[in-house]
Protein chains: 2
Amino acid sequence: MSAPIRPVDLAKAYRLLNHGPTVLVSARHQAVDNVMAAAWCCALDFDPPKLTVVLDKATRTRALIEGSGLFAIQVPTVAQLQLTQAVGNASLADDPAKLAHTGVELFTMEGHDLPLVAGCSAWLVCRLIDEPHNQQAYDLFIGEVIAAWADERVFRDGRWHFETADPSLRSLHHVAGGHYYAIGEALKA
Amino acid sequence: MSAPIRPVDLAKAYRLLNHGPTVLVSARHQAVDNVMAAAWCCALDFDPPKLTVVLDKATRTRALIEGSGLFAIQVPTVAQLQLTQAVGNASLADDPAKLAHTGVELFTMEGHDLPLVAGCSAWLVCRLIDEPHNQQAYDLFIGEVIAAWADERVFRDGRWHFETADPSLRSLHHVAGGHYYAIGEALKA
């Protein structure tokens, strides 16, 4: 990894998601790795940080998470637009080489047996908080964030610096059907 | 209302939230109206459309929603930056004239006994799906969207048009402490 990845204080981890980016969800179980895209991921609590993510029953990533009780949420960048769209549309069930075919490069962080996607701007490792009713009725999963890192070129000192970082590091915000917006101008109220 | 407000097909209502904007939450109960800001609001299902929103126990808006079983989610614009920050920081419990002091102008849509905030770009009327465990343990509320409208200058034909609309109509994406980003450039994967 050439990007300068630094730990993020857990009390500020919600800020990685607060502006509503589309994310990548990754998981590992019994030596199977997968990555999917999700627009429906949201902060849920500050400290300890929690988040929600909606995982359709058809996804293989969901089955891995139900098996391992762990997952990672990561924030992809404008440079990863095609990768994000590709992992959101291909299924490991149809293509066992999905990750290779969609250009995903994985890495791991010491102490966490989870595949992380290289080139993202932020990573949050989550422990699944088992809530069977939410999972069955709403496809809604709750995770407690137990570790977080960010690329310090674009997130440092507890906040994003999209306005001064390279535009290729901006977050993606999916609308539908491959139409996205990048995050834009900084505003101070 | 001078803005051209048009109904949004319920099957496409999720697109109003899919890009992760900070929203305003409004509710009415026993002749009391209130409006708060929330960054933690997320689509949950397509059709019928559902959404989640996190409402702290200290908020008066939460009590109104628990009383009436109805709420509205609306998407504020760059032109409403100060209003959004103000309703997110003032409490009706401290200031009974909060809405007047924060510059909120309300209107209603026929058939829905709910206060809607003028000047937003989209409005979603929701029926609370009562989930007491989520509400108590996580401050997490689930709503079914039963009606939606948008300002057709910026959302029409089932999608946002931020890239061609006036920049003052862009959505707000809060990070923390009054730091926001506007939504930015359109990208097609």
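Residues numbered from 1 in each chain as written. Chains lettered and ligands numbered in written order. Predicted model: local features only at pLDDT ≥ 70, side-chain atom pairs only at ≥ 80, totals over all residues. Heavy atoms only, no water.

Going by an unreviewed UniProt entry, chain A carries the name NADH-FMN oxidoreductase RutF, flavin reductase (DIM6/NTAB) family and comes from Ectopseudomonas chengduensis. UniProt, in its Cofactor (unreviewed entry) section for chain A, records the words "FMN". The record in UniProt for chain A states the following under Sequence similarities (unreviewed entry): "Belongs to the flavoredoxin family." (UniProt positions renumbered as here; feature names shortened; annotations may be inferred.)

(A) Region of the structure containing the interface of chain A and chain B. At the junction of the two partners, chain A supplies 50 residues and chain B supplies 50 residues. For the pair chain A and chain B, the two sides together bury roughly 4300 Å², of which 62% comes from carbon and sulfur. Three residues, A:Trp40, A:Tyr181 and A:Leu187, lead the burial of chain A against chain B; their summed loss comes to 20% of the area buried on that side. At the junction of chain A with chain B, the criterion picks out zero salt bridges. Applying the counting rule to chain A against chain B returns 29 residue pairs in polar contact (both at pLDDT 80 or more). (Contact = heavy atoms within 4.5 Å. Buried area = accessible area lost by both parts, 1.4 Å probe. Salt bridge = Lys/Arg side-chain N within 4 Å of Asp/Glu carboxyl O. Polar contact = N/O pair within 3.5 Å; in protein donor to acceptor, adjacent residues only side chain to side chain.)

(B) A look at the pairing of strand 6 (residues 70-75) of chain A. All names here are of chain A. A large share of strand 6 lies buried, amounting to five of its six residues. Bridging between strand 2 (residues 23-29) and strand 6 involves three bridges; their strand directions are antiparallel. By the bridge assignment for strand 6, Val25 is matched with Ile73. With six bridges connecting them, strand 6 and strand 9 (residues 122-129) associate as antiparallel partners. Within strand 9, the position partnered with Ile73 by the bridge is Leu124. (Buried < 20%, exposed > 50% of the residue type's maximum accessible area, 1.4 Å probe, protein only. Helix = DSSP H or I, 4+ residues; strand = E, 2+ residues; numbered from the N terminus. Pairing = 2+ DSSP bridges.)

(C) Summary view of empty space enclosed by the protein. Summed over the entire model, instances satisfying the criterion amount to four cavities of 30 Å³ or more. Volume-wise, the largest cavity comes out at about 100 Å³. Forming the boundary of the largest cavity are 18 residues, of which A:Gly20, A:Cys41, A:Cys42, B:Gly20 and B:Cys41 lie nearest the centre. Taken together, the residues of the lining of the largest cavity sort by class into 14 nonpolar, four polar and no charged. In this structure, the second largest cavity encloses a volume near 40 Å³. Lining the second largest cavity are A:Val175, A:His179, A:Tyr180, A:Tyr181, B:Arg159, B:Trp160, B:Glu163, B:Ala186 and B:Leu187. Of all elements in the fold, only strand 14 (179-188) of chain A together with strand 12 (159-160) and strand 14 (179-188) of chain B reach the threshold of two or more residues within the lining of the second largest cavity. With three residues, strand 14 of chain A is the largest single contributor of residues to the lining of the second largest cavity. (1 Å grid on protein atoms, 1.4 Å probe; cavity = no way out; pocket = protein on both sides within 12 Å on 5 of 7 lines; lining within 4 Å. Points joined across faces, edges and corners; volume = space filled by probe spheres on them. Nonpolar A, V, L, I, M, F, W, Y, C, P; charged D, E, K, R; others polar.)

(D) Up close: the relation of the copies chain A and chain B. For the pair chain A and chain B, the superposition axis carries a translation of 0.0 Å, the fit reaches an RMSD of 0.0 Å, and the rotation angle comes to 180°. Taken together, the rotation and translation relating the two chain copies correspond to the operation of a two-fold axis. Of all interface residues in chain A, 100% are interface residues in chain B too; the two copies therefore contact each other through one and the same surface. (Least-squares fit on C-alpha atoms with pLDDT ≥ 70 in both.)

(E) Focus on the sheet that holds strand 14 of chain B. An order of 13(A)-14(A)-14(B)-13(B) is seen for the four strands of this open sheet, with the pairing classed as antiparallel. Because the sheet does not close on itself, it has two edges, and the strands there are strand 13 (172-176) of chain A together with strand 13 (172-176) of chain B. Going from strand to strand, the sheet's axes swing by 40° on average, the running direction of each strand aside. Bridge analysis of strand 14 of chain A against strand 14 of chain B gives seven bridges, and the strand direction is antiparallel. From the neighbouring strand, A:Tyr180 faces strand 14 of chain B, where its bridge partner is B:Leu187. (Axes fitted to C-alpha atoms, helices over the stretch in contact; angles between N-to-C directions.)

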